[in-house]
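Structural description and commentary
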Amino acid sequence: MTINEHRCQSCGRLLAKDLFLEKGFEIKCIRCGTLNSIFLSFSDQIIITDRRGIILFVNDAVEKNTGYSKEEVIGQTPAKWGKQMTNEFYQKLWQKINEEKRSVSVRIMNRRKNGTLYWAQLRISPIINLKNQIEFLVGLESVLPEKDLSLKEKQVLKNKKND
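Reading the values: the criteria
- Residues numbered from 1 in each chain as written.
- Predicted model: local features only at pLDDT ≥ 70, side-chain atom pairs only at ≥ 80, totals over all residues.
- Heavy atoms only, no water.
- Pairing = 2+ DSSP bridges.
- Helix = DSSP H or I, 4+ residues; strand = E, 2+ residues; numbered from the N terminus.
- Axes fitted to C-alpha atoms, helices over the stretch in contact; angles between N-to-C directions.
- Contact = heavy atoms within 4.5 Å.
- Buried < 20%, exposed > 50% of the residue type's maximum accessible area, 1.4 Å probe, protein only.
- pLDDT = per-residue confidence, 0-100.
- Phe/Tyr/Trp six-rings, centres within 6.5 Å; stacked < 30°, edge-to-face > 60°.
- Lys NZ or Arg CZ within 6 Å of the ring centre and 35° of its normal.

Turning our eyes to something else, we now look at the sheet that holds strand S6 (residues 55-58). An order of S6-S5-S9-S8-S7 is seen for the 5 strands of this open sheet, with the pairing classed as antiparallel. Looking along the sheet, the strands with just one partner apiece sit at the ends: S6 and strand S7 (104-111). For this sheet, the mean angle separating the axes of adjacent strands, direction not counted, is 30°. Looking at chain direction, strand S8 (residues 117-128) and strand S9 (residues 134-143) are connected through 9 bridges and run antiparallel. When the bridges of S9 are listed, isoleucine 124 appears paired with glycine 139. Where helix H3 (residues 87-100) meets the sheet, it contacts S7, S8 and S9, and its direction lies at approximately 145° from that of S7.

Here is the structure:
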């Protein structure tokens, strides 16, 4: 098995091992500030936040799927288009990520800038530093077509539209 290491183009700092490298985004090296291309294009939304959930990077799919530009979301939290689930849902989600330091995969409802609601499959993975602390969070969100929704999810969308 080959492990691919991806280092900063300028200073050589290790940025990632075995990420989805056939796609792409740019990540800024913390040490020297160089932007490094890792994911160049990806149809699903990619969001990178700091440990507090503040957005550091989004790919072009975020604007396509949510209607918010990169400039509108960088420095904010994903709550800008989220916050459609119950508080209990979010508490359990963040407890699993923060305490167990494990990736999670959930179906979630979000709201576009124009107000329309949509369901998505969300995967959040913590990036752990050498002190076993969460350094970053990487979110990958796939918008679910209506044909893939359960009857319950379709009903929730219908009820929320009528609110």
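From this point, the discussion proceeds with the structure in view.
Turning our attention to unusual backbone geometry. A positive phi angle, near 55°, is found at lysine 101, a position not held by glycine. Within the element layout of this structure, lysine 101 appears in the loop between H3 and S7. On the basis of relative accessible area, lysine 101 is assigned to the partly exposed category, the value being 29%. The phi torsion at asparagine 132 lies on the positive side, around 60°, for a residue other than glycine. Here asparagine 132 lies in the loop between S8 and S9.

Confidence along the protein averages 79 in pLDDT terms, with 73% of residues attaining 70 or more. Low confidence marks residues 17-25, where pLDDT is under 50. Its contacts with residues over four positions away, or in another chain, come to 29 contacts.

Each aromatic ring pair is summarised here by two numbers: the centre-to-centre distance and the angle between the ring planes. Summed over the entire model, instances satisfying the criterion amount to 1 aromatic pair. Both rings, one in phenylalanine 89 and one in tyrosine 90, keep their centres 5.3 Å apart while their planes meet at 85°; by these two values the pair is edge-to-face. Overall, phenylalanine 89 belongs to the partly exposed group, its relative accessible area being 21%. The cationic tip of lysine 83 hangs over the ring face of tyrosine 90; the distance from NZ or CZ to the ring centre is 5.7 Å.

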